[in-house]
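Spelled out from the first residue to the last, the chains are:
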Amino acid sequence: MTRVPDTSMYEQLFSQAARRVAHQTSILVDLPNEKPDTISLAFGDADPSIFPTHQITASVSGLLSENVDAIMNYAPADARLHALVTQRLEARGVEVNPAQLMITYGSSQVLGLLPQILIEPGDTIIVEGPTFLGAVEYFAASGARIETIPVGPEGMDIDALASCLADLKSQNVRPKFIYTIPTFQNPTGTLMPASARARLVALAAEHGVLVVEDDAYGDLHFKPHTAPSMLTLPGNEWVLHIGTFSKILAPGVRMAWAYGPPAVMKRLRAFKSESDCGTFVTRLVSHMAQDGWLERHIQSLRSHYATKSAAMVQAIAEHFPADVRTNVPEGGFFVYGYLPHDLPAVALNNVAIRHGASFLPGTTGYANGQGTHEMRIAFSFQTVPNLVKGIASIGSAMREMRQTNN
Ligand SMILES: Cc1ncc(COP(=O)(O)O)c(C=O)c1O
């Protein structure tokens, strides 16, 4: 008979970081089980109805009839994918040095590598509050001391950042990096204006702190905007830019890129232990993008997601009480809401699930337990009729909670 081992017998084997992960409570712990027919507005999955199935099938069969030996063996990432990312960065005004570009398995891979190259337990990093929950988990596992800067209607509050940096300096603390999602931020959907970006990069340069610009949603604007990539601003030698094909092609291809200072890229490459990304998948993405197909696809994504966002904003106006304040996004995947004191997000979510829909409570976006009266509502995944139904269900949960409390 197989003996079921006592898991504590492995404990001594683990590194400090791995032990920390085991003791860390997941920030998703507040999420209750949903019924199978719950309309989930919690997660920012891509809309499967616009996956480019035809283009994927055509590209895969085209590639398999090309040279299977060359694309299936150990070999560098396809040079045409480097060229594509270079071209897209150049179109945004970045002067690209190819040696500073790295193709990765998702931008999550870079977020996972960053603590390995930059953080010793107790080191300080700075994040937005709220921010991307995946990043909070990766960074917290490293044992970093996390400073949280509030996000206002125009993204990270740069005055608060300036006083945080000054404060840390007075304690002789040099933070390792500032993690920011300036364009259609996850979860608030906010767009940081050009002037704030310039101030942020200048402050980073003044204090000798790396800026990690996560640009996951940068291409998904609903109308043109002029906010530049931080890679184009004075002080850009402190900027590490991360982009991904997850939101503009499909998360399943897990292709992304990092572009930053040579010294940082050298360390990232050293810790990316599988070396380059696979030839097959990198060739697939570059094949799909050819002849302008990707840019046309992105155009159609913009109008598709703009329609969904508008439907959600309108449904909110119809179904939520007037004292629930929500951001109206100009791009990305999310509407963010600020709840009055009698509607705490976790309790509301439990009631909403009984009414048939769910959202993501705000606490999941903070490393410090804030966000108890905030909510992220994703419009990316569900169909328009379901979005509207989901918002109506959350609205009726709000009214029910108020009636019960009175
Ligand atoms: C801000 C942000 N960064 C990174 C990611 C992860 O992207 P990838 O699929 O490239 O790992 C996400 C996905 O939700 C995100 O919202």
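Here the residue numbering is sequential within each chain, running from 1 through the sequence in written order. Note on the predicted model: pLDDT of at least 70 is required for a residue's local features to be given, and 80 or more for side-chain atom pairs to be given and counted; whole-chain, interface and lining totals, by contrast, use all residues. Hydrogens are left out, water is left out, and the side-chain values use all remaining heavy atoms of the structure.

## Re the site of the ligand
To be near a molecule or strand, a residue needs just one of its heavy atoms within 4 Å of it. Contacts to the ligand come from 13 residues, most closely from Ser-108, Asp-214, Tyr-217, Thr-244 and Ser-246. Distance and chemistry together define a polar contact, namely a pair of N or O atoms within 3.5 Å, with one atom able to donate a hydrogen and the other to accept it when in protein, and with adjacent residues in sequence counting only for side-chain atoms on both sides. At 2.5 Å from an oxygen atom of the ligand is found a side-chain nitrogen or oxygen belonging to Ser-108. Here Ser-246 contributes a side-chain N or O atom positioned 2.6 Å from an oxygen atom of the ligand. All accessible-area figures derive from a Shrake-Rupley calculation using a 1.4 Å probe, and residue coverage is judged against the displayed protein chains alone. Protein chains shield 91% of the accessible area of the ligand, which is 400 Å² for the free molecule. The biggest single contributor to the shell around the ligand is helix α5 (residues 106-118), with three residues. Gly falls in the polar group here, along with every residue not listed as nonpolar (Ala, Val, Leu, Ile, Met, Phe, Trp, Tyr, Cys, Pro) or charged (Asp, Glu, Lys, Arg). Its residues assigned to classes, the shell around the ligand comprises four nonpolar, six polar and three charged. Runs of H or I in DSSP of at least four residues are treated as helices and runs of E of at least two as strands, each being numbered from the N terminus.

## Examining the pattern of salt bridges
When a carboxyl oxygen of Asp or Glu is within 4 Å of a side-chain nitrogen of Lys or Arg, the pair counts as a salt bridge. In this structure the tally under the stated criterion is 13 salt bridges. Note that Arg-283 and Glu-66 form a salt bridge whose closest N and O atoms lie 3.5 Å from each other. Of this pair, Arg-283 sits in helix α10 (residues 279-289) while Glu-66 sits in the loop between α2 (53-64) and α3 (68-72), placing them 217 residues apart in sequence. With relative accessibility at 46%, the residue Glu-66 sits in the partly exposed group. The structure contains a network of salt bridges with shared partners spanning Arg-88, Asp-219 and Glu-295. Burial status follows relative accessibility: with a 1.4 Å probe on protein chains alone, a residue under 20% of its type maximum counts as buried, one over 50% as exposed, and anything between as partly exposed.

## Examining the sheet that holds strand β10 (residues 325-326)
In sheet architecture, strand pairing relies on hydrogen bonds along the backbone and comes in two forms, parallel and antiparallel. The criterion for strand pairing is that DSSP finds at least two bridges linking the strands in question. Taken in spatial order, the four strands of this open sheet run β10-β11-β14-β13, and their pairing is antiparallel. Whereas interior strands pair on both sides, the edge strands pair on one side only; in this sheet they are β10 and β13 (360-361). Relative to strand β11 (residues 334-338), β10 runs antiparallel, the two sharing two bridges. Considered in β11, the bridge of Arg-325 is made with Tyr-338.

## So, the layout of surface pockets
Lining residues are defined by having an atom within 4 Å of a point belonging to a cavity or pocket. Those points lie on a 1 Å grid over the protein atoms alone, cavities being sets where a 1.4 Å probe fits but cannot get out and pockets being open sets with protein on both sides within 12 Å along at least five of seven lines. Grid points are joined across faces, edges and corners, and a volume is the space filled by probe spheres set on the points. One number sums up the size of the largest pocket: a volume of about 450 Å³. Lining the largest pocket are 24 residues, with Gly-44, Phe-132, Asn-186, Tyr-217 and Lys-247 positioned closest to its centre. Among the elements that line the lining of the largest pocket, the one with the most residues is α5, at four residues. Partitioning the lining of the largest pocket into residue classes produces twelve nonpolar, seven polar and five charged. In this structure, the second largest pocket occupies an estimated 380 Å³ of space. Forming the walls of the second largest pocket are 25 residues, and the residues nearest its centre are Arg-92, Gly-218, Asp-219, His-221 and Arg-302.

## Focus on the environment of Cys-164
With respect to the helices and strands, the residue Cys-164 is situated in helix α7 (residues 158-170). On the accessibility criterion, Cys-164 (11% relative accessible area) is buried. Taking the C-alpha atoms as reference, Cys-164 lies 8.9 Å from Ile-126; in sequence the two are 38 residues apart. Not counting chain neighbours up to four residues away, the residues in contact with Cys-164 comprise Ile-126, Glu-147 and Ile-149. Pairs of residues are marked as contacts when any of their non-hydrogen atoms sit within 4.5 Å.

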